[in-house]
Amino acid sequence: QVQLVESGGGSVQAGGSLRLSCVASGYTYSSNCMGWFRQAPGKEREGVAAIYTGGSSTYYANSVKGRFTISQDNAENTVYLQMDSLKPEDTAMYYCAAGLVGPNWSIDADFGYWGQGTQVTVSS
C-alpha cells in the first residue's frame, strides 16, 4: 500500500507563489512516476506536471510551462510542485499521484495512488 500526503495549498494573489509537497510512504517500488493533477469545478481533471523517478525526466502541461517546476527528493520519497507567477485560472484542487506509468503521463487512469487533494486559490 502506498500513501500520499499533500501539503502546501492555500490562497495567494495573482503573481504569487506556492510550493506543494507530496510525501509517499509505504511500498513505492511499483511506481515509476509521480505527478500532479488538478481539477476545477465543472472541468475535467488534467495533468499538470510529472516526473519519472528513474531518469528524473520532467513534463508539464502547456498551460504551466515556465511557471511551474516539479522536482523530487528520492531519499525522502517526496515530490514538489513549485508554482510561480500564479494566475486565477490556476485555481483548482490539486492532487498528487503515483503509479507505474507509460510515456503518456497525463493519463490519470494509469496512476494507481492518489493524495487527498489540496486546494489552491489564486485571486486577482
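Residues numbered from 1 in each chain as written. Predicted model: local features only at pLDDT ≥ 70, side-chain atom pairs only at ≥ 80, totals over all residues. Heavy atoms only, no water.

Our focus in this paragraph is the environment of Q82. Relative to the helices and strands, Q82 is located in strand β8 (residues 78-83). In this structure Q82 comes out as partly exposed when scored by relative accessible area, which is 27%. Among the polar contacts made by the side chain of Q82, one reaches the side chain of D84 at a distance of 2.9 Å. (Helix = DSSP H or I, 4+ residues; strand = E, 2+ residues; numbered from the N terminus. Buried < 20%, exposed > 50% of the residue type's maximum accessible area, 1.4 Å probe, protein only. Polar contact = N/O pair within 3.5 Å; in protein donor to acceptor, adjacent residues only side chain to side chain.)

Okay, the packing of aromatic side chains next. Any two aromatic rings considered together are summarised by their centre-to-centre distance and by the angle between their planes. Tallying each qualifying case throughout the model produces 4 aromatic pairs. Taking the centre distance of 5.0 Å and the plane angle of 55° together, the rings of F37 and W114 count as tilted. Within this pair, whereas F37 is found in strand β4 (residues 33-39), its partner W114 is found in strand β10 (residues 113-114), the two being separated by 77 residues in sequence. Accessibility expressed as a relative area gives 0% for F37, which makes it buried. (Phe/Tyr/Trp six-rings, centres within 6.5 Å; stacked < 30°, edge-to-face > 60°.)

A full pass over the atoms with the stated rule returns 1 disulfide. Here C22 connects covalently by a disulfide to C96, the sulfurs 2.0 Å from one another. Negative torsions about the S-S bond denote left-handed disulfides, and the value of about -80° found for C22 with C96 makes this one left-handed. Of this pair, C22 sits in strand β3 (residues 18-26) while C96 sits in strand β9 (residues 92-99), placing them 74 residues apart in sequence. Grouping residues by exposure puts C22 and C96 together as buried. Counting only cysteine sulfurs, C96 is the nearest neighbor of C33, a cysteine outside any disulfide, at a range of 10 Å. Residue classification places C33 among the buried residues on the basis of a relative accessible area of 0%. (Disulfide = S-S within 2.5 Å.)

The subject of this paragraph is the sheet that holds β8. The pairing of strands in a sheet happens through backbone hydrogen bonds and is either parallel or antiparallel. Spatially, the 4 strands line up as an open sheet ordered β1-β3-β8-β7, and their pairing is antiparallel. Since the sheet does not close on itself, it has two edges, and those belong to β1 (2-7) and β7 (68-73), each with one partner. The sheet shows a mean angle of 15° between the axes of neighbouring strands, taken without regard to direction. Relative to β3, β1 is paired through 6 bridges, and the arrangement is antiparallel. Bridging from a neighbouring strand, E6 pairs with C22 of β3. (Pairing = 2+ DSSP bridges. Axes fitted to C-alpha atoms, helices over the stretch in contact; angles between N-to-C directions.)

On to the pairing of strand β6 (residues 57-60). Examined bridge by bridge, strand β5 (residues 46-52) and β6 share 4 bridges and lie antiparallel to one another. Residue pairing in the sheet places A50 in a bridge with Y59 of β6.

Keep in mind these numbers describe shape, not what the thing actually does.
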